[in-house]
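# Chains, contacts and geometry: an overview
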Amino acid sequence: FWRRDRPPLATPSFQGVGESQKVSPQPPFLQIYRYQTHDYAFSSNEGLLRALGGEDLVLMLNRSIEEALQRAGFSQKFIDEVVCPAMRVNYGQGGFRPPALPGAVSLAGVESGLWSVKGGNKLVCTGLLYAAKAQVIPGTVVSIEPKIRPRRSGELGGGLYHVTYRTAQGLTGDTYDLVVIAAPLGGPLANISFLNFHPPIPSFPNPYHQTVATFVHGRLNSSFFGYREPSSFRLGVIFTTDNPNLFINSLAMVSPVEKKDDDEDDDEKTTPLAVWKVFSREELTKEELDLLFVSYDSVKFKKWLAYPRYDPPERCPPVLLHHQLYYLNGLERAASAAELSAVAAKNVALLAFHRWHGNHGAIDQQDLEEKLKTEL
């Protein structure tokens with residue numbers, strides 16, 4: 001789920017930091033760009049995490065964000081009123097069950113310096129497809145089956161994969177040397193059958209969390225939020241704490257991508273009539289909309305399984321499912337963000353390239369930081 005987005009990930013270090021001290025971000029994920037620039041790849045998600053932050057980063061999958069912050073000396077009040085609202089807006093999940101790593105990514109997402117793309121963030125995907133000169137087949141993959149490539153001599157050659165997919169014209173398919181799955185396996189998101197694999201491709205029953213984004217053009221009911229005088233209401237964003245009686249996770253005024261020169265900062269200017277984005281777990285009822293808004297003339301909602309439902313201890317699915325069959329969405333079990341999806345995609349591309357050409361010295365290398373110092 002690509003929000004009005006984040007700066008490059010910089011997961012905070014919780015070790016020995018109290019809330020009265022200045023938190024000095026330690027950005028382990030920024031190292032991945034250096035490694036990938038030098039064409040290094042990792043055959044497992046845990047290996048990638050371990051290369052970036054050692055065993056401590058992997059352990060962040062097994063410890064809840066609440067436990068990690070308590071060990072670091074943060075008060076329960078700080079966790080309840082700052083950390084939990086960040087988790088609710090970024091991953092729709094409170095209760096402090098999510099692991100420390102996605103919790104840290106949530107905290108990075110509330111920093112300033114957010115950005116978006118003129119015309120919509122979807123243009124990032126269409127731009128990448130255009131730059132790659134990719135041939136896109138509109139359809140839904142139904143099954144993948146390994147095949148053996150016949151040689152002219154009659155002998156059996158290397159492996160192929162027959163991919164069957166459903167298009168507007170019906171079922172069809174083709175064979176490929178290499179296949180990358182870039183959609184969450186398990187559940188309704190990518191219902192792909194793996195036929196005649198030995199051993200069978202494992203199942204991934206990891207559930208995804210439903211989030212409903214509702215866009216409302218109307219006048220907010222400031223009295224619902226404790227402001228009797230609408231003129232005194234100057235908030236553009238409202239986060240919520242983990243309260244079972246609350247029916248929303250967050251509410252924010254949607255700003256245009258491009259500001260005019262005479263526009264004030266979003267934090268300093270709110271208007272009675274605006275477009276508001278509401279995150280909730282379920283579709284808002286008319287009664288709930290009437291509580292939030294004095295009046296409104298347009299309501300649009302989008303219901304989706306936006307990100308994994310986190311519950312430590314987490315374990316990432318494998319990157320390599322078969323000889324030349326790769327899966328990049330397993331890294332979402334560590335944390336879900338558009339940037340992480342891009343990191344996982346490039347890692348799979350590098351891994352597939354090196355394995356195809358036998359460049360084993362570029363895969364799963366230890367002590368990369370020292371290795372790069374020596375190379376330079």
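Residues numbered from 1 in each chain as written. Predicted model: local features only at pLDDT ≥ 70, side-chain atom pairs only at ≥ 80, totals over all residues. Heavy atoms only, no water.

Per an unreviewed UniProt entry, the protein chain goes by the name Prenylcysteine oxidase 1 and belongs to Calidris pygmaea. Reading the Cofactor (unreviewed entry) entry of the UniProt record for the protein chain gives the comment "FAD". Recorded in UniProt for the protein chain, the comment headed Sequence similarities (unreviewed entry) runs: "Belongs to the prenylcysteine oxidase family." (UniProt positions renumbered as here; feature names shortened; annotations may be inferred.)

A count of helices and strands for the protein chain gives 9 helices and 12 strands. When each of the 376 residues of the protein chain is scored for burial, the buried share is 41%. Sequence separation of at least 24 residues holds for 69% of the intrachain contacts in the protein chain that already meet a minimum separation of 6. Of the roughly 20800 Å² of accessible surface on the protein chain, a fraction of 53% belongs to carbon and sulfur atoms. (Helix = DSSP H or I, 4+ residues; strand = E, 2+ residues; numbered from the N terminus. Buried < 20%, exposed > 50% of the residue type's maximum accessible area, 1.4 Å probe, protein only. Contact = heavy atoms within 4.5 Å. Areas by Shrake-Rupley, 256 points an atom, 1.4 Å probe, with all protein chains shown as cover.)

Turning our attention to the sheet that holds strand 8 (residues 250-253). With antiparallel pairing, 5 strands are arranged side by side in an open sheet as 7-8-9-6-10. Of all the strands in the sheet, just strand 7 (237-239) and strand 10 (293-308) have a single pairing partner and so form its edges. Strand-to-strand twist in this sheet, taken as the mean axis angle between neighbours without regard to direction, amounts to 15 degrees. As judged from the 3 bridges shared by strand 7 and strand 8, these two strands associate in the antiparallel manner. Among the inter-strand pairings, valine 237 is bridged to a residue of strand 8, identified as alanine 252. (Pairing = 2+ DSSP bridges. Axes fitted to C-alpha atoms, helices over the stretch in contact; angles between N-to-C directions.)

This part takes up the confidence of the model for the protein chain. Low pLDDT marks stretches whose predicted atomic positions should not be read closely. Looking at the protein chain as a whole, the pLDDT averages 83, with 84% of positions reaching at least 70. Element-level pLDDT for the protein chain is lowest in helix 9 (residues 368-375), with a mean of 78, against a maximum mean of 97 in strand 12 (residues 325-327). With pLDDT under 50 throughout, residues 1-26 is counted as low confidence; its partners more than four residues away or in other chains account for 74 contacts. (pLDDT = per-residue confidence, 0-100.)

Below, the discussion takes up the pattern of salt bridges. Scanning the entire structure with this criterion turns up 9 salt bridges. A salt bridge links aspartate 242 to arginine 88; the nearest nitrogen and oxygen atoms lie 3.4 Å apart. With aspartate 242 in the loop between strand 7 and strand 8 and arginine 88 in helix 4 (residues 76-91), this pair connects stretches of sequence that are 154 residues apart. A relative accessible area of 4% places arginine 88 in the buried class. Salt bridges linked by common partners bring Arg63, Glu67 and Arg71 together as one network. (Salt bridge = Lys/Arg side-chain N within 4 Å of Asp/Glu carboxyl O.)

This part is about the nonpolar core. Residues Tyr35, Leu48, Leu49, Tyr91, Leu101 and Ala334 are the most contacted members of the largest nonpolar core, which totals 39 residues. Among the elements that take part in this core, helix 8 (residues 338-357) stands out by supplying 7 residues, more than any other. The next biggest cluster of nonpolar side chains, apart from the first, holds 15 residues, and it includes Ile144, Val179, Leu325 and Tyr327. (Core = buried A, V, L, I, M, F, W, Y, C linked by side-chain atoms within 4.5 Å.)

What follows covers the side chain of asparagine 249. Residue placement: asparagine 249 occurs in the loop between strand 7 and strand 8. Assessed through its relative accessible area of 4%, asparagine 249 is described here as buried. Once you skip the residues sitting within four places of it in the chain, asparagine 249 turns out to touch Arg88, Gly92, Phe239, Thr240, Phe279, Ser280 and Arg281.

Moving on, we get to the environment of valine 180. Considering the arrangement of structural elements, one finds valine 180 in strand 4 (residues 179-181). With residues up to four places along the chain from it excluded, the contact list for valine 180 reads Tyr326, Leu328 and Val348.

With that out of the way, let us pick up helix 5 (residues 100-108). Helix 5 sits mainly inside the fold: 9 of its 9 residues count as buried. Those residues of helix 5 that fall on the buried side of the exposure criterion are Ala100, Leu101, Pro102, Gly103, Ala104, Val105, Ser106, Leu107 and Ala108. The elements touched by buried residues of helix 5 are helix 2 (45-59), helix 3 (65-72) and helix 4.

Taken together, the 3 strands give an open sheet; going across it, the order is 4-12-11, and neighbouring strands pair in mixed fashion. Only two strands of the sheet have a single neighbouring strand rather than two, namely strand 4 and strand 11 (320-322). Here the strands of the sheet are splayed against their neighbours by 25 degrees on average, with no regard to which way each runs. Here strand 4 pairs with strand 12 via 3 bridges, running parallel. Within strand 12, the position partnered with valine 179 by the bridge is leucine 325. Packed onto the sheet, helix 8 meets strand 4, strand 11 and strand 12 and runs at close to 160 degrees relative to strand 12.

Residues Val110, Val237 and Phe239 make up a contiguous nonpolar surface patch of roughly 240 Å² in combined accessible area. Inspection of the secondary structure assignment puts phenylalanine 239 in strand 7. You can call phenylalanine 239 partly exposed: its relative accessible area is 37%. (Patch = residues over 30% accessible without salt bridge, like charges linked within 9 Å, V, L, I, M, F, W, Y side chains within 5 Å.)

Now for the packing of helix 4 against helix 5. For the pair helix 4 and helix 5, interaxial distance at closest approach is 9 Å and the crossing angle is 90 degrees. Compared by their axis directions, helix 4 and helix 5 come out roughly perpendicular. Residue-level contacts link Val83, Ala86, Met87, Asn90 and Tyr91 of helix 4 to Pro102, Gly103, Val105, Ser106 and Leu107 of helix 5. Among the residues making up the contact of helix 4 with helix 5, the classes are represented as 7 nonpolar, 3 polar and no charged. (Parallel < 35°, antiparallel > 145°, perpendicular 65-115°, else oblique. Nonpolar A, V, L, I, M, F, W, Y, C, P; charged D, E, K, R; others polar.)

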